[in-house]
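What follows is each chain in one-letter form.
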Amino acid sequence: DAGVTQSPTHLIKTRGQQVTLRCSPKSGHDTVSWYQQALGQGPQFIFQYYEEEERQRGNFPDRFSGHQFPNYSSELNVNALLLGDSALYLCASSLFSTVAYGYTFGSGTRLTVV
Amino acid sequence: TQLLEQSPQFLSIQEGENLTVYCNSSSVFSSLQWYRQEPGEGPVLLVTVVTGGEVKKLKRLTFQFGDARKDSSLHITAAQPGDTGLYLCAGAKNTGTASKLTFGTGTRLQVTL
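Before going into details, it helps to say that this report is about the structure given with it. (Residues numbered from 1 in each chain as written. Chains lettered and ligands numbered in written order. Predicted model: local features only at pLDDT ≥ 70, side-chain atom pairs only at ≥ 80, totals over all residues. Heavy atoms only, no water.)

Here the focus is the overall build of chain B. Check the secondary structure of chain B and you find 0 helices and 11 strands. Its helices and strands in sequence order give chain B the pattern β-β-β-β-β-β-β-β-β-β-β, from N to C terminus. Over its C-alpha trace chain B gives a radius of gyration of 14 Å, about what one expects of a compact globule, namely 13 Å for 113 residues. Principal-axis analysis of the C-alpha atoms places the extent of chain B at approximately 50 × 30 × 20 Å. As displayed, chain B has an accessible area near 5400 Å², and 49% of this comes from carbon and sulfur atoms. Each charge sign in chain B was given a centre, from 10 positive and 9 negative side chains, and these centres are 7 Å apart. (Helix = DSSP H or I, 4+ residues; strand = E, 2+ residues; numbered from the N terminus. Rg over C-alpha atoms; globule rule 2.2 N^0.38 Å. Areas by Shrake-Rupley, 256 points an atom, 1.4 Å probe, with all protein chains shown as cover. Lys, Arg positive; Asp, Glu negative; His and termini not counted. Charge placed at Lys NZ, Arg CZ, Asp CG, Glu CD.)

All names here are of chain A. Under the criterion given, the structure shown has 6 salt bridges over all chains. In this structure, the salt-bridge partner of Arg63 is Asp85, at a minimum N-O distance of 2.9 Å. Of the two residues, Arg63 is situated in the loop between β6 (53–57) and β7 (64–68) and Asp85 in the loop between β8 (74–78) and β9 (87–94); the sequence distance between them amounts to 22 residues. Of the two residues examined, Arg63 and Asp85, each falls in the buried class. (Salt bridge = Lys/Arg side-chain N within 4 Å of Asp/Glu carboxyl O. Buried < 20%, exposed > 50% of the residue type's maximum accessible area, 1.4 Å probe, protein only.)

Core analysis: the biggest nonpolar cluster contains 21 residues, and Leu19(B), Leu32(B), Trp34(B), Phe63(B), Leu74(B), Ile76(B) and Leu109(B) have the highest contact counts within it. Counting residues per element, the ones that place at least two in this core are β3 (19–24), β4 (31–37), β5 (44–49), β7 (61–65), β8 (71–76), β9 (85–95) and β11 (107–112) of chain B. The contacts of Ile76(B), once residues within four sequence positions are left out, are Glu17(B), Asn18(B), Leu19(B), Arg60(B), Leu61(B), Asp83(B), Tyr87(B) and Leu109(B). By size, the runner-up hydrophobic cluster in this structure holds 20 residues, among which are Leu21(A), Phe47(A), Val78(A) and Leu81(A). (Core = buried A, V, L, I, M, F, W, Y, C linked by side-chain atoms within 4.5 Å. Contact = heavy atoms within 4.5 Å.)

Here it is, written out as structure tokens:
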């Protein structure tokens with residue numbers, strides 16, 4: 001049973017560019033949440049998708065946007081990249097009805113902005 | 001503003017020692033979860049506690065949810081090098097029809113021989 005799959009695993013981009021990160025949730029899960037994790041810190045909530053809609057959003061600027069597809073997979077897009085966007089981006093999946101009981105995380109995408 | 005504060009931030013102990021990690025907040029959560037994260041990997045769920053005062057044991061790990069559902073602790077008995085990692089607590093809040101997890105600041109544990 002495949003868990004959460006994220007791609008790519010590593011990415012280097014230049015300031016001002018745009019990036020798209022992808023996530024396939026665990027089989028049977030319908031909700032995808034995205035987190036940004038700076039080195040040595042706890043993950044910060046970006047947004048959550050369910051039924052192809054953004055259901056909740058954290059304190060991130062509009063440069064961060066997302067999408068969920070009918071097969072529950074999701075994309076995270078970041079425009080006009082800043083050096084401060086360098087981080088590990090984590091995708092987490094769950095059932096919408098049991099978010100409070102835990103997520104399954106992917107291994108993340110390490111984004112470096114130079 | 002970080003809703004969940006963990007202490008200590010860093011902990012370096014020798015194999016066989018006991019330790020406790022704390023997760024504190026001024027907010028009430030519907031549930032609280034503990035995760036462990038190793039370098040280059042995503043967090044892995046260890047346990048979820050739901051009821052105030054609840055205690056759960058997972059081998060040498062004991063988790064407790066505060067009576068008021070605002071805080072939690074993780075106690076490890078006879079730590080082993082395999083326990084090394086970043087320990088994260090996460091609180092769930094129900095906002096309307098959805099739940100959101102907010103993570104704590106993390107406790108980095110290193111267990112040496």
